[in-house]
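Listed here are the chains, written in short residue letters.
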Amino acid sequence: MHKPCAVIPVYNHETAVPAVVEALLARGLPCVLVDDASSPQCAAVLEQLAGLDQVFLIRLAINQGKGGAVMAGLREAAQLGFSHALQVDADGQHDLTDVDNFIQHSQAHPEALVCGYPQYDASVPKGRLYARYLTHVWVWINSLSLQIPDSMCGFRVYPLPPTLALLDSVQLGRRMDFDPEILVRLAWRNQPMRWLPTRVHYPQDGLSHFRLFHDNALISKMHAKLFFGMLARLPLIPVSYTHLTLPTKA
């Protein structure tokens, strides 16, 4: 069975999220919105969107962070009977014209986690771009593999059964450390992954919740935790030094 939906964590993106939902619905993809304790203004916009057909809304009373909101959305998606979930940011940075390509690859390879390999334009903040390279190196070390070319892009299709099995057994980071950590831990479980290039744009008037120092500190702490976890699991982790060939767009 392949029954996909989109999971959208939302924290005070009332301006951008309606267009994101509209674009996903136009492509036949139901949407699970996760209100991560947003402002009353954003909550009102989400309530209006929840009145649309195939839009589902869950509210978190206390702000959980991006990772916590995504995990809540993935669990809700499974409860609603979906088999796969496309994680999408609410701020409009992801190129939603790629949705069909990602879903088609997921249908062809339902056991695989289909991940976005970002293609940035000039709008990307340079500080965040350079910090990603350090994260990439730590991910390669902690996974003993080059199979994860990018761990920070939050545009990916999760097969829900193996993903929820991981969430039920391990406590993952609940903020910006979530995206890289879940990939490393799934790699430890030999989870099949496929990579597709996707364009990423940072709107000049966009609202970013990435806290440069605090979130980088959380990510560094997460990498240190994974490193010692990798050492403990070293005999069990499949080692691969071959970089995956990235598929081109269909």
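This is a predicted model, so every value here is computed, not measured.

(A) A look at helix α6 (residues 160–167). All buried positions along α6 are accounted for by Leu160, Thr163, Leu164, Leu166 and Leu167. Taken around the axis of α6, the buried residues stretch over an arc of 155°, which confines them to a single face. Considering only its buried residues, α6 is in contact with α3 (65–79), β4 (84–87), β6 (156–159) and α7 (178–188).

(B) Region of the structure containing helix α4 (residues 99–108). Those residues of α4 that fall on the buried side of the exposure criterion are Val99, Asn101, Phe102, Ile103, His105 and Ser106. Buried residues in α4 make contact with β1 (4–10), α1 (17–26), β4, β5 (113–120), β6 and β7 (193–200).

(C) Representation of the packing of α6 against α7 within the structure. α7 packs onto α6 with a crossing angle of 105° between their chain directions and a minimal axis gap of 11 Å. Considered as vectors, α6 and α7 are oriented roughly perpendicular to each other. Contacts between α6 and α7 pair Pro162, Thr163, Leu166 and Leu167 from the former with Ile182, Arg185 and Leu186 from the latter. By residue class, the composition of the contact of α6 with α7 is five nonpolar, one polar and one charged.

(D) Region of the structure containing the environment of Asp53. Following the sequence through the fold, Asp53 ends up in the loop between α2 (40–49) and β3 (55–60). Sequence separation between Asp53 and Pro30 is 23 residues; the distance between their C-alpha atoms is 8.3 Å.

(E) Layout of the sheet that holds strand β2 (residues 31–36). With mixed pairing, seven strands are arranged side by side in an open sheet as β3-β2-β1-β4-β6-β5-β7. At either end of the open sheet lies a strand with only one pairing partner, and these are β3 and β7. Direction aside, neighbouring strands of the sheet carry axes that sit 25° apart on average. Taken together, the five bridges between β1 and β2 define a ladder with parallel strand orientation. Paired with Ile8 across the strands is Leu33, a residue of β2. The sheet strands contacting α6 are β4 and β6, and the helix crosses β6 at an angle near 80°.

Rules and cut-offs
Residues numbered from 1 in each chain as written. Predicted model: local features only at pLDDT ≥ 70, side-chain atom pairs only at ≥ 80, totals over all residues. Heavy atoms only, no water. Buried < 20%, exposed > 50% of the residue type's maximum accessible area, 1.4 Å probe, protein only. Helix = DSSP H or I, 4+ residues; strand = E, 2+ residues; numbered from the N terminus. Arc of directions from axis to C-beta. Contact = heavy atoms within 4.5 Å. Axes fitted to C-alpha atoms, helices over the stretch in contact; angles between N-to-C directions. Parallel < 35°, antiparallel > 145°, perpendicular 65-115°, else oblique. Nonpolar A, V, L, I, M, F, W, Y, C, P; charged D, E, K, R; others polar. Pairing = 2+ DSSP bridges.

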